[in-house]
Amino acid sequence: MHKNYFSELVKLLDNASAPYSGFSVAAIVVTKNQSVYRGVNVESAAYPTTICAERNAIQTAVTEGAKIGDIKEVHILARNAAKALIKAHPCGGCRQVIAEQSGYDAMVYSYATETEIEQHTIAELLPLAFLGAEL
Ligand code: THU
């Protein structure tokens, strides 16, 4: 059974920088050796340079030494401009990065409330993934 990160995610939402969309996202990733890394979305006035919470957390994990195959859990919570908590699933780009950094073997937990948590394998979220073996 995975740990419940709801209250940590709620706190982490306050660190998001989302002045343009008002949509805050918090992500916590857990590696196979139980290290925990956090990320929030950081928006930019040059919109495409925005980084999503999930990739921010994974990039921090990699910066701290995580290797391909190490990412095992991704926990996600969002909050909209009206300050309501919202269940969020990772965008396509983040699904690609989760797939690669987990060795196509991560579980993604999307929190609606403390007890209502939707979970999907990355293979469900990104079937027929391009993982680079052909490169
Ligand atoms: N966003 C994330 O950080 N993660 C997701 O899973 C969905 C979208 C961010 C990007 C942007 O800052 C805002 O949410 C609205 O798209």
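You'll find the structure just up there.
Calculation notes
- Residues numbered from 1 in each chain as written.
- Predicted model: local features only at pLDDT ≥ 70, side-chain atom pairs only at ≥ 80, totals over all residues.
- Heavy atoms only, no water.
- Pairing = 2+ DSSP bridges.
- Helix = DSSP H or I, 4+ residues; strand = E, 2+ residues; numbered from the N terminus.
- Disulfide = S-S within 2.5 Å.
- Buried < 20%, exposed > 50% of the residue type's maximum accessible area, 1.4 Å probe, protein only.
- Phe/Tyr/Trp six-rings, centres within 6.5 Å; stacked < 30°, edge-to-face > 60°.

## Some words on the pairing of strand 6 (residues 117-121)
Taken residue by residue, a regular strand's side chains alternate between the two faces of the sheet.
At step 1: Here 5 bridges tie strand 5 (residues 107-111) to strand 6, and the two strands are oriented antiparallel to one another. Paired with Met107 across the strands is Thr121, a residue of strand 6.
At step 2: Connecting the antiparallel pair strand 5 and strand 6 is a turn made up of 5 residues.

## Observations regarding the state of the cysteines
At step 1: Following the criterion strictly, the structure yields 0 disulfides and no others.
At step 2: Among the cysteines around Cys91, which has no disulfide bond, Cys94 carries the closest sulfur, lying 3.8 Å off.
At step 3: Overall, Cys91 belongs to the partly exposed group, its relative accessible area being 32%.
At step 4: For Cys94, a relative accessible area of 1% corresponds to the buried category.

## Things to note about the pairing of strand 3 (residues 71-79)
At step 1: Counting buried residues in strand 3 gives 8 out of 9 residues, a clear majority hidden from the surface.
At step 2: Looking at chain direction, strand 1 (residues 24-31) and strand 3 are connected through 8 bridges and run antiparallel. Each bridged residue has a counterpart across the sheet, and for Val25 the counterpart in strand 3 is Ala78.
At step 3: Where strand 3 and strand 5 come together, 4 bridges link them in parallel fashion.

## Concerning the packing of aromatic side chains
At step 1: The full count for this structure, using the stated rule, is 2 aromatic pairs.
At step 2: A ring pair is formed by Phe6 and Tyr111, whose centres lie 6.5 Å apart and whose planes are at 25 degrees; its orientation type is stacked. On the criterion of sequence distance, the pair formed by Phe6 in helix 1 (residues 6-13) and Tyr111 in strand 5 is long-range, its members being 105 residues apart. Each member of the pair, Phe6 together with Tyr111, is buried.
At step 3: Their ring planes at 50 degrees and their centres at 5.8 Å tell us that Tyr20 and Tyr47 sit as a pair that is tilted. Taken as a pair, Tyr20 in the loop between helix 1 and strand 1 and Tyr47 in the loop between strand 2 (36-40) and helix 2 (53-63) lie far apart in primary sequence, 27 residues in all.
At step 4: Since its relative accessible area comes to 46%, Tyr20 is described here as partly exposed.
At step 5: By relative accessible area, which is 57% here, Tyr47 ends up exposed.

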